[in-house]
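# Observations on the three-dimensional arrangement
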Amino acid sequence: LLDAGALSAALSARHPGTVLAPNPREAAELLGSDAEDEGLLATALTERVGRPVAVRGPSTIVAELGRAWRSPAPPSGLGTPGSGDVFVGTLAGLLATGVEVTAALGWAVELHAACGRRLAVHTPVGYLASDLVAELPCALAAAASAPDDRNG
């Protein structure tokens with residue numbers, strides 16, 4: 001799992017277990033592009049590295065070869081220092097339990113946003129990383145108890 005300054009290693013390492021979740025600026029730098037659209041960046045980056053990626057910006061795109069999903073804009077309070085670290089930690093935890101890469105990216109995106117939505121009820125902006133971490137068990141429990149819409 002590469003983040004921030006280590007992202008450039010992904011282009012040379014090409015390790016099959018590499019997982020990337022850059023912001024749009026980082027993704028554009030990796031690609032040598034001036035594009036800003038998360039969808040275009042995610043598609044291009046997943047083609048370049050041959051692995052699923054998530055490009056996290058105003059909305060988040062999780063992409064794998066041939067498919068992509070857009071997650072709606074998360075609460076603006078997630079745009080604070082440390083928030084991305086909580087996202088990456090959540091992703092690492094999911095990967096460590098054996099969750100498949102694309103699913104882990106999608107779940108990390110949703111759980112991170114769910115923590116932000118829970119905090120937004122009382123705090124409009126500026127969540128601390130510790131606030132997000134404290135919400136993770138509740139967000140996970142809510143996701144686990146949500147009805148499964150796939151069969152109905």
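Residues numbered from 1 in each chain as written. Predicted model: local features only at pLDDT ≥ 70, side-chain atom pairs only at ≥ 80, totals over all residues. Heavy atoms only, no water.

Turning to the overall build of the protein chain, a few remarks are in order. Counting secondary structure elements, the protein chain contains six helices and three strands. Moving toward the C terminus, one meets the helices and strands of the protein chain in the order α-α-α-β-β-β-α-α-α. Taking all 152 residues of the protein chain together, the buried fraction comes to 41%. Taking as baseline every contact in the protein chain between residues at least 6 positions apart, the subset at least 24 positions apart corresponds to 48%. Accessible surface, the protein chain as shown: approximately 8000 Å² in total, 58% of it carbon and sulfur. (Helix = DSSP H or I, 4+ residues; strand = E, 2+ residues; numbered from the N terminus. Buried < 20%, exposed > 50% of the residue type's maximum accessible area, 1.4 Å probe, protein only. Contact = heavy atoms within 4.5 Å. Areas by Shrake-Rupley, 256 points an atom, 1.4 Å probe, with all protein chains shown as cover.)

The three strands are arranged E1-E2-E3 in an open sheet whose pairing can be described as antiparallel. Edge positions in the sheet fall to strand E1 (53-56) and strand E3 (67-71), since each of these pairs with one other strand and no more. In this sheet, neighbouring strand axes are inclined to one another by 15° on average, regardless of whether the strands run parallel or antiparallel. Of the strand pairs in this sheet, E1 and strand E2 (residues 60-64) are connected by four bridges, and their pairing is antiparallel. Pairing of valine 55 across the sheet is with isoleucine 61, part of E2. (Pairing = 2+ DSSP bridges. Axes fitted to C-alpha atoms, helices over the stretch in contact; angles between N-to-C directions.)

Before going further, it helps to spend a moment on the pattern of salt bridges. When their charged atoms lie close together, side chains carrying opposite charge are able to pair. On inspection of all chains with the given rule, the structure shows four salt bridges. The salt bridge partner of arginine 67 is glutamate 64, with a shortest N-O separation of 2.5 Å. Of the residues examined, glutamate 64 reaches a relative accessible area of 18% and is grouped as buried. For glutamate 135, the salt bridge goes to arginine 118, with nearest N and O atoms at 2.6 Å. Of this pair, glutamate 135 sits in helix H6 (residues 129-145) while arginine 118 sits in helix H5 (residues 101-120); the two residues are 17 residues apart in sequence, bridging distant segments of the chain. We classify glutamate 135 as buried; its relative accessible area is 17%. Its relative accessible area of 36% is what places arginine 118 among the partly exposed residues. (Salt bridge = Lys/Arg side-chain N within 4 Å of Asp/Glu carboxyl O.)

A few words on the nonpolar core. The biggest cluster of nonpolar side chains holds 13 residues, and the ones touching the most others in it are Ala21, Phe87, Leu91 and Leu105. Going through the elements one at a time, helix H4 (83-96) and H5 are the ones with two or more residues in this core. If one sorts the elements of this core by residue count, H5 sits on top with five residues. The contacts of leucine 105, once residues within four sequence positions are left out, are Val19, Leu20, Ala21, Pro52, Val53, Ala54, Val62 and Leu91. (Core = buried A, V, L, I, M, F, W, Y, C linked by side-chain atoms within 4.5 Å.)

Let's shift gears to the side chain of glutamate 64. Summarising the element assignment, glutamate 64 is placed in strand E2. Of the polar contacts made by the side chain of glutamate 64, one reaches the side chain of arginine 67; its length is 2.5 Å. A polar contact of 2.8 Å, which involves the side chain of glutamate 64, links it to the side chain of threonine 102. Not counting residues up to four positions away in its chain, the partners in contact with glutamate 64 are Thr46, Pro52, Trp69 and Thr102. (Polar contact = N/O pair within 3.5 Å; in protein donor to acceptor, adjacent residues only side chain to side chain.)

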